[in-house]
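Here are the chains, one letter per residue:
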Amino acid sequence: MIEEQALDPARHDRKGFSCGVTELDEYLQRFAIQQSKKGVSVVRVLIDTNLPAEILGYYSLSAAQIDVNALTEADQKQLPRYPVPCFRIGRLACSISHQGRGIGKLLIGCAVTRCLEARKQVAAYALIVDAKDVRAKAFYKHYGFKTCLDSPMTLYLALGVDK
Ligand SMILES: CC(C)(COP(=O)(O)OP(=O)(O)OC[C@H]1O[C@@H](n2cnc3c(N)ncnc32)[C@H](O)[C@@H]1OP(=O)(O)O)[C@@H](O)C(=O)NCCC(=O)NCCS
């Protein structure tokens, strides 16, 4: 069974993780724990409960804000003219040996679910991400993320209106 867990150096094999992008591997191996402890980001991993040390994929989340002028004209309507609160996916990656099997989809789903849960306590309008290249941008667009008007590699997903 695939399970989402908080990154834990005692349980998860960070060194064994490789997604094909050195910067994203290094982040997990060298910086993720430090940044979690300092309150800079929260890092969550997906594991298979049959092999619980192996990291299948991970994502990091932080608080952020976005300039309202970066949103599409339709989304700007009825929003204040000052920066609006958001969450940010700082890093997201799937192990190279598991790519193409739905782990990326699960990572996005877990990140969105976490944001929807968190915004019951602290308001946030959207989830934003800086795509590192056009391939990553296409991946996020596949899930409905929209391109920011002021920055072609920054995308956002409005989290919806509470009923
Ligand atoms: C991008 C990445 C996370 C995708 O993970 P994955 O596990 O291979 O993707 P999945 O198998 O979950 O694919 C889920 C869906 O996304 C689609 N998809 C995957 N990569 C895509 C891309 N680059 N462009 C458009 N769609 C893409 C799949 O076709 C699939 O669609 P479906 O659900 O409609 O069938 C993974 O390739 C990766 O870690 N790459 C290296 C790191 C990286 O680029 N991270 C992005 C951070 S900016």
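Up top is the structure these notes are about.
Rules and cut-offs
Residues numbered from 1 in each chain as written. Predicted model: local features only at pLDDT ≥ 70, side-chain atom pairs only at ≥ 80, totals over all residues. Helix = DSSP H or I, 4+ residues; strand = E, 2+ residues; numbered from the N terminus. Rg over C-alpha atoms; globule rule 2.2 N^0.38 Å. Contact = placed C-beta atoms within 7 Å. Pairing = 2+ DSSP bridges. Axes fitted to C-alpha atoms, helices over the stretch in contact; angles between N-to-C directions. Expected span 1.5 Å × (residues − 1). Bend = angle between axes of the 7 residues up to and from the residue. Buried ≥ 20, exposed ≤ 12 C-beta atoms within 10 Å, placed from the backbone. Near = placed C-beta within 6 Å. Nonpolar A, V, L, I, M, F, W, Y, C, P; charged D, E, K, R; others polar.

**Student:** Outline the overall build of the protein, supporting the account with residue identities and numerical values.
**Tutor:** Of regular secondary structure, the protein possesses four helices and seven strands. Helices and strands in the protein line up, N terminus first, as β-α-β-β-α-β-α-β-α-β-β. On C-alpha atoms alone, the protein measures out to a radius of gyration of 16 Å, which is about the 15 Å that the 2.2 N^0.38 rule sets for 163 residues. With the C-alpha coordinates of the protein rotated into their principal frame, the extents come out at 50 × 35 × 30 Å. Summarising the internal contacts of the protein: among those between residues at least 6 apart in sequence, 64% fall at separations of at least 24.

**Student:** I'd like a description of the sheet that holds strand β4 (residues 84-94), backed by residues and values.
**Tutor:** Read across the sheet, seven strands follow the order β1-β2-β3-β4-β5-β7-β6 without closing on themselves; strand pairing throughout is mixed. The sheet is open, and its two edges are formed by β1 (2-6) and β6 (146-148), each paired on a single side. Along the sheet, successive strands turn relative to each other by an average axial angle of 35 degrees, direction set aside. Where strand β3 (residues 57-66) meets β4, nine bridges bridge the pair, whose relative direction is antiparallel. Note on β4: the bridge partner recorded for Ile66 is Val84.

**Student:** So what about helix α1 (residues 22-37)? Which residues, and what values?
**Tutor:** Along its 16 residues, α1 runs 23 Å from first to last C-alpha, staying within 8% of the 22 Å computed at 1.5 Å per residue. Phe31 marks the point of greatest bend in α1, at about 60 degrees. Along α1, the residues that are buried comprise Tyr27, Leu28 and Ala32. Where the residues of α1 are buried, they touch β2 (42-48), β3 and β4. Just downstream of α1, Gly39 is the residue with a positive phi angle, here 80 degrees.

**Student:** Break down the environment of Asp133 for me, with residues and values.
**Tutor:** As for its placement among the helices and strands, Asp133 is situated in the loop between β5 (126-130) and α4 (134-142). Through-space distance from the C-alpha of Asp133 to that of Glu26 is 18 Å; in sequence the pair is 107 residues apart.

**Student:** I'd like a rundown of the site of the ligand, residues and numbers included.
**Tutor:** Taken together, 21 residues sit near the ligand, with Gln99, Gly104, Lys105, Ala136 and Ala138 positioned nearest. Elements with a contribution of two residues or more to the shell around the ligand: β4, α3 (103-118) and α4. Broken down by element, the residue count for the shell around the ligand peaks at five residues, all from α4. Class assignment for the residues of the shell around the ligand results in eleven nonpolar, six polar and four charged.

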